[in-house]
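Examining the three-dimensional arrangement
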Amino acid sequence: MTARLVSAIDTRNFGGDTVRLGDLNRDGMQELLFVQSDPCTRAVTCLTATDLFGKVLWQAGTPSPDNGCTYSDLAVQIYDWDNDGANEVLWVEQAIYAESIVWDYAAGKHIIIPTTRRGELNGRKGWAQEGAKRYEETAIMHVLDGATGNEKTKFQIPAPADDCFAFANLTGGPRRSDLIVKDRYWNMWGVSHEGQVLWNYTKSNPGHYPVVADVDGDGRDEVFIGWNLIDHDGAILWTLPGAQSHQDSVHVVRMDGKLRLIFSHGEGEGLNGGVHCLTADGNELWTREFGHAQIVVPGQFQPDLGPIQFAVADLGWVQSAGVRKQPAIVILDQDGREISRKPYPDGASIFMVRIDWLGDGAPHCLAVAEGGPFDPAIRRSRMVPPVIQSAEGKVVERLPPTWPDGHETENYTYVAAADVWGDSREETLVTGRECFNIYTNADLLPRETLYNATFYHGR
Ligand SMILES: [Ca+2]
Ligand SMILES: [Ca+2]
Ligand SMILES: [Ca+2]
Ligand SMILES: [Ca+2]
């Protein structure tokens, strides 16, 4: 156990489940962007930029301890949007939801709520706004200076497109300067850098965060959303039949020199989803069935089995009581064969990311956040402290969420991996609504000995 806590930030006022990373002030070092949102409306309510130790660079919006809970993905990204060498922060302000489609937790169904004032549902407990039957005005993409948070520009995007967005090259320019924007589950749009809507995709549920890649090599990005590959102009390149539940996790990877499209999904139409590996031209190479394959991630978990394997977080099989049974983290080889399986208690929620924790070509590990079932009283699961574990499921590190004064808490929600400490290995970032931590691997990094050394100093 060599994990060392290098940053502990008290985030009770401005923190939460969602944190973005990027160099905001152009000094080459990463900063943190804490994002808060209203858990009912999903509206972004506060952005707080800090250095890695919590010193605030700027804040936009109003911080609130009530808005650390993230219901869904959030439409906030860091990118050099205007290509001047410095990053901007882009975020989407919602349109007016004139007739809201709201998930009612108590009733367990969607209901329609008339509302025509901005912020009218803010702070409403027990509801989650998923979309609207009717919108007024448009959504607005705001572009902020990364170093100051001052607005540089803004432009209109389609009213429902406030779920999340991705940068893509749709117009054939030298870099990704266009946008894919979407709503929760019904629409996806291509938008040019100038804010012009290029196309609207409605043929299938786009699922969660899409992946973009130039799959056909024409210098423009396709959008992969599961059973469908969308061309840069919004045309459908191919569609495959299969259980039509929305994708939870998508990747485009290169295996044996060929592009492969991987996605996972849960159950739909009474059928079980799972993990699917497709060719770039839309043939299925293999399928592996799971109860609810929430996450699939590629990595070099067991390099002796080839350059790529896949880790799957399976939330388990739905039973009549509503509790999912036999959740597990499963490692697959590149042909979809199961290599190992680590079981978790029935009803567990599992979140994980691949992490290069050991460095220097050692096998990748998983950073895992394990919780019980979602608890509505605290609007999150009760959590087990995060761990780093090997492909075989062996725990390498325990990373207790820790306050600046050193005392530990179980109040955290996710883990992330990024090399923010500059030693070529990835750190573990632990995000929560009270504190934020960075753990680094303090173990010495093995290096080959140099020989035929000289110290001729020039005289
Ligand atoms: Ca920086
Ligand atoms: Ca810029
Ligand atoms: Ca292309
Ligand atoms: Ca590092």
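Our subject is the structure listed above.
Everything in this summary refers to the structure shown in the same document. Within each chain, residue numbers correspond to sequence positions counted from 1 in written order. Chain labels run from A onward and ligand labels from 1 onward, assigned in the order the entries are written. Only residues with pLDDT of at least 70 are given local features in this predicted model, and only at 80 or more are side-chain atom pairs given and counted; all residues enter the totals for whole chains, interfaces and linings.

1. As for the sheet that holds strand β11 (residues 139-145)
This is how it is decided: By this definition, two strands are paired if DSSP reports at least two bridges between them. Going along the chain from the N terminus, every DSSP run of H or I of four or more residues is numbered as a helix, and every run of E of two or more is numbered as a strand. Orientation is described by axes fitted as lines to C-alpha atoms, over the contacting stretch for helices, and by angles from 0 to 180 degrees between their N-to-C directions.
The strand order β6-β7-β11-β12 describes an open sheet built from four strands, whose pairing is antiparallel. At either margin of the open sheet sits one strand with a lone partner, and together these are β6 (76-79) and β12 (151-157). For this sheet, the mean angle separating the axes of adjacent strands, direction not counted, is 20 degrees. In terms of strand pairing, β11 meets β12 through six bridges, oriented antiparallel. Among the inter-strand pairings, V143 is bridged to a residue of β12, identified as T153.

2. Overview of the pairing of strand β8 (residues 96-104)
Here β8 runs beside strand β10 (residues 127-136); their pairing, made up of eight bridges, is antiparallel. Each bridged residue has a counterpart across the sheet, and for W103 the counterpart in β10 is A128. Sheet analysis places β8 next to strand β9 (residues 109-114), joined by six bridges and oriented antiparallel. Bridge pairing links I101 to I112 in β9.

3. Re the nonpolar core
Applicable threshold: One nonpolar core equals one set of buried Ala, Val, Leu, Ile, Met, Phe, Trp, Tyr and Cys residues connected by C-beta atoms within 7 Å. The exposure label follows from counting other C-beta atoms within 10 Å of a residue's C-beta, where the C-beta atoms are placed from the backbone and the thresholds are 20 or more for buried and 12 or fewer for exposed, leaving partly exposed in between.
Counting 107 residues, the largest nonpolar core has L33, A311, V312, I329, M352 and A367 as the members making the most contacts within it. Within the second largest apolar cluster, five residues are counted, among which are V102, L121, W127 and A128.

4. A short note on the environment of D10
As a reminder, the rule being used: What counts as a contact here is a pair of residues whose C-beta atoms, placed from the backbone, lie within 7 Å.
Take D10: it is sitting in strand β1 (residues 3-10). The exposure class of D10 is partly exposed, given the 14 C-beta atoms found within 10 Å. Sequence separation between D10 and E434 is 424 residues; the distance between their C-alpha atoms is 6.1 Å. Dropping the residues within four chain positions of it, D10 is found in contact with W403, P404 and C435.

5. Focus: the sheet that holds β10
Across the sheet, which stays open at both edges, the three strands sit in the order β9-β8-β10 with antiparallel pairing between neighbours. Edge strands, defined here as strands with exactly one partner in the open sheet, are β9 and β10. Neighbour-to-neighbour, the strand axes of this sheet turn through a mean angle of 30 degrees, independent of strand direction.

Any functional reading would require information that these geometric values do not contain.
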